Amino acid sequence: MTIFVDMDEVIADTFGAHIEIYNTEFNGNLTPEACKGSEVWKMVPKAHQESIRKHATRRGFFKNLNPIEGSKDVLKELAEKYNVYIASAAMQFPNSLEEKSEWLDEHFPFIPWQNRILCGHKHILKGDVLIDDRSYNLEMFNGRSILYSSPHNAYTNGFERADTWEEIGEKLL
């Protein structure tokens, strides 16, 4: 079986990083719960929105993300049993190519560089399973689509959903 796994909001906590940076820079008290069903940048005053939209262009943003709880252990088990590829849309933010690769080296060293697809559109992926937090990536996938829960997709329907990596393990191991 071939499994593709997105990075941002699936194994790397970009949502939490946006909130943490915003709260630090603007002395805010934004929480993931307050952003439920929306993007972080949409939940702040208009004067601060552009700042959040530019977080991903900053050097170090992708390199300093926290792994999503449980992702390391379950992904390691999946990689021992199946063909696992990390598939991340990285072309939009040039710094992210190098930083995402370094981040994977640090946190997921069992996923070799040959199994890392840093791409633009994910509609080119052909395999059995795609785990992603964005419905538009899952809509074009011909295999089994699993929507990984993130505050921004709380109200997205029409896809098989997993709220935790433990659930991913139950579904695929």
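Since the model is a prediction, treat every value here as computed from it, not as a measurement.

Draft legend 1. Representation of helix α2 (residues 46–53). Of the positions making up α2, those classed as buried are His48, Gln49 and Ile52. End-on, the buried residues of α2 take up no more than an arc of 120°, which puts them together on one face. As for α2, its buried residues are in contact with α1 (14–26).

Draft legend 2. Quick look at the sheet that holds strand β1 (residues 2–5). Strand order in the open sheet formed by 6 strands is β3-β2-β1-β4-β5-β6, and the pairing between neighbours is parallel. What marks the edges here is a single partner per strand, and that holds for β3 (116–119) and β6 (160–162). Neighbour to neighbour, the strand axes of the sheet diverge by 25° on average, direction disregarded. For strand β2 (residues 83–89) and β3, the ladder comprises 4 bridges, and the chain directions are parallel. Note that in β3 the partner of serine 88 across the bridge is leucine 118. Along the sheet, helix α4 (residues 94–107) makes contact with β2 and β3, crossing β3 at roughly 160°.

Draft legend 3. The arrangement of the packing of α1 against α2 in detail. Viewed as axis vectors pointing N to C, α1 and α2 meet at an angle of 130°, and their least axial separation amounts to 11 Å. Taken together, α1 and α2 sit at an angle that is classed as oblique. Between α1 and α2 lies a crossing whose hand is right-handed. Across from His18, Tyr22, Glu25 and Phe26 in α1, the residues of α2 making contact are His48, Ser51 and Ile52. When grouped by side-chain class, the residues that make up the contact of α1 with α2 number 3 nonpolar, 3 polar and 1 charged.

Draft legend 4. Layout of the environment of glutamate 80. Its place among the elements puts glutamate 80 in helix α3 (residues 71–81). Under the relative-accessibility criterion, glutamate 80 is labelled exposed at 61%. As a C-alpha pair, glutamate 80 and leucine 125 span 45 residues in sequence and 21 Å in three-dimensional space.

Draft legend 5. Molecular detail of α4. Over its 14 residues, α4 extends 21 Å from the first C-alpha to the last, a length consistent with the 20 Å expected when each residue adds 1.5 Å. What α4 keeps buried is the set Asn95, Ser96, Glu99, Lys100, Trp103, Leu104 and His107. End-on view of α4: buried residues confined to an arc of 145°, all on one side of the axis. The elements touched by buried residues of α4 are α3, β2 and β3.

Draft legend 6. Spatial organisation of the pattern of salt bridges. Scanning the model with the defined rule gives 11 salt bridges in all. For lysine 171, the salt bridge identified is with glutamate 160, shortest N-O distance 3.1 Å. Of this pair, lysine 171 sits in helix α6 (residues 165–172) while glutamate 160 sits in strand β6, and the two are 11 residues apart along the sequence. Judged by relative accessible area, which is 27%, glutamate 160 ranks as partly exposed.

Draft legend 7. Region of interest: the nonpolar core. Membership of the largest hydrophobic core comes to 31 residues, with the highest contact counts inside it found for Val5, Ile11, Leu78, Ile131, Trp165 and Ile168. Listing elements by their share of this core, those giving two or more residues are β1, α3, β2, α4, β4 (129–132), β5 (144–148) and α6. Not counting residues up to four positions away in its chain, the partners in contact with leucine 78 are Ile3, Val84, Trp165, Ile168, Leu172 and Leu173. Phe15, Ile19, Tyr22 and Ile52 belong to the second largest nonpolar core, which has 8 residues in total.

Draft legend 8. Seen up close, the packing of aromatic side chains. Scanning the model with the defined rule gives 8 aromatic pairs in all. An angle of 85° between the planes, with centres 6.3 Å apart, marks the rings of phenylalanine 4 and phenylalanine 141 as edge-to-face. In this pair, phenylalanine 4 is assigned in strand β1 and phenylalanine 141 in the loop between α5 (135–139) and β5, connecting sequence segments 137 residues apart. A relative accessible area of 4% places phenylalanine 4 in the buried class. Their ring planes at 90° and their centres at 5.1 Å tell us that phenylalanine 61 and phenylalanine 62 sit as a pair that is edge-to-face.

Definitions and cut-offs
- Residues numbered from 1 in each chain as written.
- Predicted model: local features only at pLDDT ≥ 70, side-chain atom pairs only at ≥ 80, totals over all residues.
- Heavy atoms only, no water.
- Buried < 20%, exposed > 50% of the residue type's maximum accessible area, 1.4 Å probe, protein only.
- Helix = DSSP H or I, 4+ residues; strand = E, 2+ residues; numbered from the N terminus.
- Arc of directions from axis to C-beta.
- Contact = heavy atoms within 4.5 Å.
- Pairing = 2+ DSSP bridges.
- Axes fitted to C-alpha atoms, helices over the stretch in contact; angles between N-to-C directions.
- Parallel < 35°, antiparallel > 145°, perpendicular 65-115°, else oblique.
- Left-handed = near helix turned anticlockwise from the far one by under 90°.
- Nonpolar A, V, L, I, M, F, W, Y, C, P; charged D, E, K, R; others polar.
- Expected span 1.5 Å × (residues − 1).
- Salt bridge = Lys/Arg side-chain N within 4 Å of Asp/Glu carboxyl O.
- Core = buried A, V, L, I, M, F, W, Y, C linked by side-chain atoms within 4.5 Å.
- Phe/Tyr/Trp six-rings, centres within 6.5 Å; stacked < 30°, edge-to-face > 60°.

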